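Summary of structural features
Listed below, chain by chain, are the residues.
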Amino acid sequence: RSPPNPHQPQGPDMYSRATLLLAVAGAADAFLATSPALRPSSSPALCTSGRLATRAAPASAVLGLKAQKVDDKTEVREYFNAEGFNRWSKIYSESDDVNEVQKFIRSGHQETIDKVLTWIDDDQTAARGDSFCDAGCGVGSLAIPLAEMGGKVSASDISSAMAGEAAKRAESLDLKGSATFETADLESLSGKYDTVTCIDVLIHYPTEKMDDMVGHLCGLAEKRFIISFAPYTIFYAALKWVGSLAPGPSKATRAYLHAEEDVVAALKKRGFKLQRTEMTATNFYFSRLLEAVKE
């Protein structure tokens, strides 16, 4: 387990700081959505719109009421093949056409990616040519560096636009290993890989589907599974709901939080134990990162 960072707040204080800022961002985005003059016309919406959306869970989810059934998979696919792709391909790039909040999201996501790459560099698994499955690869932020390190990477995303952009970015690079990109949802993935990674994707899967999804991905991993997710706290859920009360149109996919103990239990059920953990908590982005190895 990675030692705590003495310069980073730990425990509830860390979550409180991050979640308070996220709630404020949700309200700010909703306000800006109703005030076009205050928002650059060419800029994507704030962090309530997309892969790490800070849009609040429906009030029914917070208050325990019966929520309307939605097809999350279709919603995510359509979003990331359209406006979501335009937004997040800019965030996950060096484009200057992003606002300050999106810069925080970019740096937070990259920090999570860098932590994964550090783990893999430390054990030299990519350098020796291990196989990797990057589930929900986005524009290749993790898959491409893994291939550059020497890994044999099979990457996929539910969005054909995202997978296509990732392939395009990889084309011009001299990869020490290899990388293939395909359009596929997590449920349809098959094969066996030394390591399976799933970074910042679980936010699109509701609680009742999380266990099966983790189980399916564990079934693809011969040695190791690395996953990140937005951890659930009552305080965070409440703040997200408060943020949702601000006026403004819906521009995001639904964002689901997961209790860390539930994710760990799902891993243990499939014969995996925690090896290392990390937490990334920057302004407007937070993500819990787990590395689990097969027992």
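Check the entry above for the structure.
A brief look at the structure comes next.

Conventions and cut-offs
Residues numbered from 1 in each chain as written. Predicted model: local features only at pLDDT ≥ 70, side-chain atom pairs only at ≥ 80, totals over all residues. Heavy atoms only, no water. Salt bridge = Lys/Arg side-chain N within 4 Å of Asp/Glu carboxyl O. Helix = DSSP H or I, 4+ residues; strand = E, 2+ residues; numbered from the N terminus. Buried < 20%, exposed > 50% of the residue type's maximum accessible area, 1.4 Å probe, protein only. Expected span 1.5 Å × (residues − 1). Contact = heavy atoms within 4.5 Å. Polar contact = N/O pair within 3.5 Å; in protein donor to acceptor, adjacent residues only side chain to side chain. Core = buried A, V, L, I, M, F, W, Y, C linked by side-chain atoms within 4.5 Å. Pairing = 2+ DSSP bridges. Right-handed = clockwise from strand over helix to strand, strands pointing away.

1. Description of the pattern of salt bridges
- Overall, the coordinates contain 18 salt bridges when judged by the stated rule.
- The partner of lysine 115 in a salt bridge is glutamate 278, with the nearest N and O atoms 3.7 Å apart. Of this pair, lysine 115 sits in helix α5 (residues 100-123) while glutamate 278 is found in strand β6 (residues 272-282), placing the two residues 163 residues apart along the sequence.
- Taking the relative accessible area as the measure of exposure, glutamate 278 reaches 23% and is therefore partly exposed.
- Through salt bridges with shared partners, a single network forms among Asp123, Arg224, Arg276 and Glu291.

2. Brief notes about unusual backbone geometry
- A positive phi angle, near 60°, is found at glutamine 124, a position not held by glycine.
- In this fold, glutamine 124 is placed in the loop between α5 and β1 (131-135).
- By relative accessible area, which is 41% here, glutamine 124 ends up partly exposed.
- One non-glycine residue, aspartate 200, lies in positive phi territory at about 55°.
- One can find aspartate 200 in the loop between β4 (193-198) and α8 (207-218).

3. Here's the deal with α5
- An ideal rise of 1.5 Å per residue puts 34 Å on 24 residues; α5 measures up with 35 Å between its terminal C-alpha atoms.
- Where the residues of α5 are buried, they touch α4 (83-91), β1, α6 (143-149), β5 (221-229), β6 and β7 (285-294).
- The backbone nitrogen of valine 101 has a side-chain oxygen 3.1 Å away, supplied by the residue at the start of α5, namely asparagine 99.
- One or two positions beyond α5, positive phi appears at glutamine 124, with a value near 60°.

4. Quick word on the environment of glycine 108
- Along the chain, glycine 108 turns up in helix α5.
- We classify glycine 108 as buried; its relative accessible area is 0%.
- On a C-alpha basis, the gap between glycine 108 and asparagine 283 in space is 7.9 Å, while along the polypeptide they are 175 residues apart.
- Not counting chain neighbours up to four residues away, the residues in contact with glycine 108 comprise Thr280, Thr282 and Tyr285.

5. Focus on the nonpolar core
- Within the largest apolar cluster, 28 residues are counted, with the highest numbers of intra-cluster contacts made by Leu186, Leu217, Phe225 and Leu267.
- Where this core is concerned, the elements lending two or more residues are β1, β4, α8, β5, α10 (260-269) and β7.
- Here this core takes 5 residues from α8, the largest share from any one element.
- The contacts of phenylalanine 225, once residues within four sequence positions are left out, are Val196, Cys198, Val214, Leu217, Cys218, Leu267, Phe272, Leu290, Glu291 and Ala292.

6. A word on the pairing of strand β2 (residues 152-157)
- Counted residue by residue, β2 has 5 buried out of 6 residues, so it is predominantly covered.
- Here β1 pairs with β2 via 5 bridges, running parallel. Each bridged residue has a counterpart across the sheet, and for cysteine 133 the counterpart in β2 is serine 154.
- On the question of chirality, the crossover connecting β1 to the parallel β2 by way of α6 is right-handed.

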